[in-house]
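An overview of the molecular structure
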Amino acid sequence: MSDEKVSIPAQSDGATTSEDTAVADGDILLKVTGLQKHFPIRKGLLQRQVGAVRAVDGIDFEVRKGETLGVVGESGCGKSTMGRLITRLLEPTAGKVEFEGTDITHLGVGGMRSMRRDMQMIFQDPYGSLNPRHTVGTIVGAPFKLQGVEPEGGIKKEVQRLLSVVGLNPEHYNRYPHEFSGGQRQRIGIARALALKPKLVVADEPVSALDVSIQAQVVNLLDDLQEELGLTYVIIAHDLSVVRHVSDRIAVMYLGKVVELADRDSLYKAPMHPYTKALMSAVPIPDPKRKNAKSERILLKGDVPSPISPPSGCRFHTRCWKATEICRTTEPALLELKPGQRVACHHPENFEDQAPQDTVLLSAAKEAAELVSDEVLAESAETSAAVAAELAEATSEDAASGETASGETASEETAAEETASEVASSEETAEASAEASDPDSQESTDK
Ligand SMILES: Nc1ncnc2c1ncn2[C@@H]1O[C@H](COP(=O)(O)OP(=O)(O)OP(=O)(O)O)[C@@H](O)[C@H]1O
Ligand code: SF4
Ligand SMILES: [Mg+2]
């Protein structure tokens with residue numbers, strides 16, 4: 001982009017590399033700790049609370065400056081709720097959201113006003129998210145009015161510039177949303193989100209309502225804008241094929257939890273959570289050479305269970321083909337088992353079994369296994385055994401060379417334990433400060 005005024009201050013080119021796991025605090029734009037959102041269920045005349053939808057149930061992750069974090073999971077896993085929590089369109093029940101080191105968890109409408117400029121959301125539905133009675137000019141110019149900002153050259157000129165940035169004709173300033181196609185409407189939504197030069201853009205299923213032929217155009221537009229404007233993205237999708245090309249890292253959510261968080265390449269090459277593996281195998285394989293790879297497909301049985309009373313232990317145990325007793329009783333902590341790859345599983349794929357003593361499959365696992373081909377089951381057992389053998393070999397070599405292999409293992413375990421207790425204590429602290437209140441009004445959007 002040539003126009004000087006266009007450029008949003010680039011954020012130090014924070015593109016992450018897959019080996020880059022030790023992240024300095026200064027490189028983190030957004031940090032989420034123990035984040036929860038429980039929607040109360042009320043009944044009766046007195047509207048007494050009889051339960052809660054545990055839409056987001058204690059998640060931790062960070063978004064690095066300049067990166068794209070993809071968030072995937074089946075319908076109802078809490079992705080949209082997470083997106084609304086981090087942009088503070090919803091008030092968390094518990095947990096903490098920090099933006100550039102500032103705790104914004106409980107900022108009120110006034111406090112959030114200045115923050116709104118820095119974080120914007122693009123919504124899934126390009127039809128419902130634009131007010132049909134407003135012209136495109138009014139819609140894209142609304143953030144300036146709400147924030148009391150007068151762009152150089154006036155609002156009209158700036159809106160026209162934004163329209164051309166997203167590939168729309170600036171002359172169409174006075175048209176109404178119904179005069180545009182779905183893809184064009186999504187471009188209008190993107191122009192509106194970019195108006196105030198945000199640092200973080202959360203895009204909730206930005207292309208899933210669009211024709212497949214248009215999806216790539218919008219994804220590419222988002223990609224180009226990121227490069228030009230130094231944006232940081234959180235892109236939510238249920239389809240791994242959408243986030244695959246644009247994400248630096250990917251978080252996989254299941255029933256209100258993050259079950260795996262890894263660099264894109266590690267995740268695709270060697271997924272460690274069985275749910276990730278199942279999601280990946282549900283993605284059509286575009287490579288014609290791999291057409292015959294049908295037998296690798298794992299299909300997930302049934303729907304995601306209700307977040308009102310999620311399964312005990314590992315929430316995936318009712319659908320997982322590897323589930324054993326420990327999965328039913330004990331929730332696995334999200335641990336960094338490989339550099340840059342965090343996973344919450346007792347019996348991870350492509351890694352040493354974390355609970356090798358627990359071998360008897362649950363009956364649900366046997367049923368789920370019927371959907372998994374024998375080759376995949378065999379490969380899964382093989383890779384885990386191979387990793388275990390490799391680790392054992394490395395340990396004995398280290399021991400032979402006089403290094404404190406056992407010490408290293410012990411410190412790794414301590415680190416793992418520390419992480420687990422950190423998670424627990426942050427959740428406790430979060431719970432202590434939990435206070436659900438009405439969601440903020442969505443002031444910067446044009447519903
Ligand atoms: N305002 C609300 N009140 C009560 N329950 C809600 C509310 N918003 C979401 N939920 C519930 O929270 C759970 C998570 O919903 P959410 O929309 O975050 O999931 P999602 O992963 O975005 O799903 P999808 O892929 O269908 O968009 C669902 O069970 C949903 O019904
Ligand atoms: S193996 Fe156990 S812990 Fe791992 S995903 Fe399956 S049920 Fe969950
Ligand atoms: Mg959603």
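What counts and how
Residue positions are given per chain, counting from 1 as you read along its sequence in written order. Chain letters and ligand numbers both follow the written order, the letters beginning at A and the numbers at 1. Owing to the predicted nature of the model, reporting of local features is limited to residues with pLDDT of at least 70; listing and counting of side-chain atom pairs is limited to 80 or more, with chain, interface and lining totals taken over all residues. To obtain the side-chain values, all non-hydrogen atoms of the structure were included, while hydrogens and water were left out. Strands are runs of DSSP state E lasting at least 2 residues, helices are runs of H or I lasting at least 4, and numbering of each runs from the N terminus. Exposure classes here rest on a 1.4 Å probe applied to the protein chains alone. A residue is buried below 20% of its type maximum, exposed above 50%, and partly exposed in between. Contact definition: two residues touch when any of their heavy atoms are within 4.5 Å. Each residue is tested against the molecule or strand, and it is near if at least one of its non-hydrogen atoms lies within 4 Å. Polar here means any residue other than Ala, Val, Leu, Ile, Met, Phe, Trp, Tyr, Cys and Pro, which are nonpolar, and Asp, Glu, Lys and Arg, which are charged; Gly is therefore polar. Each residue carries a pLDDT value, the predictor's own confidence for that position, ranging from 0 to 100. What qualifies as a polar contact is a pair of N or O atoms within 3.5 Å, subject to a donor-acceptor requirement within protein and to the restriction that residues adjacent in sequence count only when both atoms come from side chains. For Phe, Tyr and Trp, where Trp contributes only its six-membered ring, two rings pair if their centres lie within 6.5 Å, and the inter-plane angle classes them as stacked under 30 degrees, edge-to-face over 60, or tilted in between. One requirement defines pairing of two strands: DSSP has to find at least two bridges between them. To define axes, lines are fitted to C-alpha atoms, for helices over the stretch in contact only, and angles between the resulting N-to-C directions are given on a 0 to 180 degree scale. An angle below 35 degrees is read as roughly parallel, one above 145 as roughly antiparallel, one from 65 to 115 as roughly perpendicular, and any other as oblique. Handedness of a helix crossing follows the sense of rotation of the near helix relative to the far helix, less than a right angle counterclockwise being left-handed and clockwise being right-handed. Salt bridges are identified by distance alone: a Lys or Arg side-chain nitrogen within 4 Å of an Asp or Glu carboxyl oxygen.

Digging into the overall build of the protein
- Assigned secondary structure in the protein consists of 13 helices and 12 strands.
- Every one of the 447 residues in the protein was classed for burial, and the buried ones make up 50%.
- Excluding contacts between residues fewer than 6 apart, the proportion of contacts in the protein whose partners are at least 24 apart in sequence is 70%.

Comments concerning the site of ligand 2
- Inspection of the region around ligand 2 gives 13 residues, with Cys314, Cys320, Cys327, Cys345 and His346 positioned closest.
- Taken together, the residues of the shell around ligand 2 break down into eight nonpolar, four polar and one charged.

As for the confidence of the model for the protein
- This prediction gives the protein a mean pLDDT of 81; 79% of its residues lie at or above 70.
- Counted against residues more than four places away or in other chains, residues 1-20, with its pLDDT under 50, gives 34 contacts.
- This stretch, residues 402-447, has a pLDDT under 50; its non-local contacts, to residues over four places away or in other chains, come to 63 contacts.

Description of the side chain of His346
- Assignment of secondary structure puts His346 in the loop between β12 (341-343) and α11 (363-369).
- Among the polar contacts made by the side chain of His346, one reaches the main-chain carbonyl oxygen of Thr330 at a distance of 2.8 Å.
- Sequence-distant contacts of His346, defined by excluding residues within four places in its chain, comprise Ile326, Cys327, Thr330, Glu331, Pro332, Asp353, Gln354 and Ala355.

Structural notes on the packing of aromatic side chains
- Per the stated rule, a full pass over the model turns up three aromatic pairs.
- Ring geometry for Tyr254 against Phe316: centres 5.1 Å apart, planes inclined by 75 degrees, an arrangement best described as edge-to-face. Here Tyr254 is found in strand β9 (residues 249-254), whereas its partner Phe316 is found in the loop between α9 (274-281) and α10 (325-329), with 62 residues between them in sequence. No difference in accessibility class separates Tyr254 from Phe316, as the two residues are buried.
- Where Tyr275 meets Phe316, the ring centres are 5.1 Å apart and the plane angle is 65 degrees; that geometry is what we call edge-to-face. One end of the pair, Tyr275, is in helix α9; the other, Phe316, is in the loop between α9 and α10, with 41 residues separating them in the sequence. We note that Tyr275, like Phe316, is buried.

Thoughts on the sheet that holds strand β1 (residues 28-43)
- Strand order in the open sheet made by the four strands is β2-β1-β4-β5, with antiparallel pairing throughout. Edge positions in the sheet fall to β2 (48-64) and β5 (102-103), since each has one partner strand and no second.
- Taken strand by strand, helix α1 (residues 79-86) contacts β1, β2 and β4 (94-99), and its axis lies near 120 degrees from that of β1.

Let's talk about the pairing of strand β3 (residues 68-72)
- Summarising burial for β3: five of the five residues are buried, a large majority.
- Burial along β3 is two-sided: the residues Thr68, Gly70 and Val72 and Leu69 and Val71 are all buried.
- Relative to β9, β3 runs parallel, the two being bridged by four bridges. Looking at β9, one finds that Val71 is bridged to Ala251.

Some words on the pairing of strand β11 (residues 335-338)
- For β11 and β12, the ladder comprises three bridges, and the chain directions are antiparallel. Across the sheet, Lys338 pairs through a bridge with Gln341, a residue of β12.
- Hairpin connection of β11 to β12: two residues between the antiparallel strands, including Gly340 at a positive phi of 80 degrees.

Here we look at unusual backbone geometry
- Backbone geometry at Arg88 places phi at a positive 60 degrees, although glycine is not the residue there.
- Topologically, Arg88 is positioned in the loop between α1 and β4.
- Its relative accessible area of 0% is what places Arg88 among the buried residues.
- In the Ramachandran plot, Asn350 falls in the positive-phi region, its phi being about 50 degrees despite a non-glycine side chain.
- Within the fold, Asn350 resides in the loop between β12 and α11.

Focus: the environment of Tyr268
- Among the secondary structure elements, Tyr268 is positioned in helix α8 (residues 264-269).
- Residues Tyr268 and Met280 lie 12 residues apart in sequence; the distance between their C-alpha atoms is 7.9 Å.
- Once you skip the residues sitting within four places of it in the chain, Tyr268 turns out to touch Leu240, Val243, Arg244, Ile250 and Met280.
- Within the structure, Tyr268 has its side chain in polar contact with the backbone oxygen of Leu240 (distance 3.0 Å).

Description of the packing of helix α3 (residues 136-147) against helix α4 (residues 155-165)
- It is the contact of α3 with α4, at a shortest axis distance of 9 Å, that shows an interaxial angle of 115 degrees. The orientation of α3 relative to α4 falls into the category roughly perpendicular. As α3 runs across α4, the sense of the crossing is right-handed. Only Ile155, Glu158, Val159, Leu162 and Leu163 of α4 make contact with α3, whose side of the interface consists of Val136, Gly137, Val140, Gly141, Phe144 and Lys145.

Things to note about the pattern of salt bridges
- Under the defined criterion, the tally for this structure stands at 17 salt bridges.
- The partner of Lys277 in a salt bridge is Glu349, and the shortest N-O contact between them spans 2.9 Å. A residue pair is termed long-range when its members are at least 10 positions apart, and Lys277 in helix α9 and Glu349 in the loop between β12 and α11 qualify at 72 residues. Here the two residues Lys277 and Glu349 agree in accessibility, since each one is buried.

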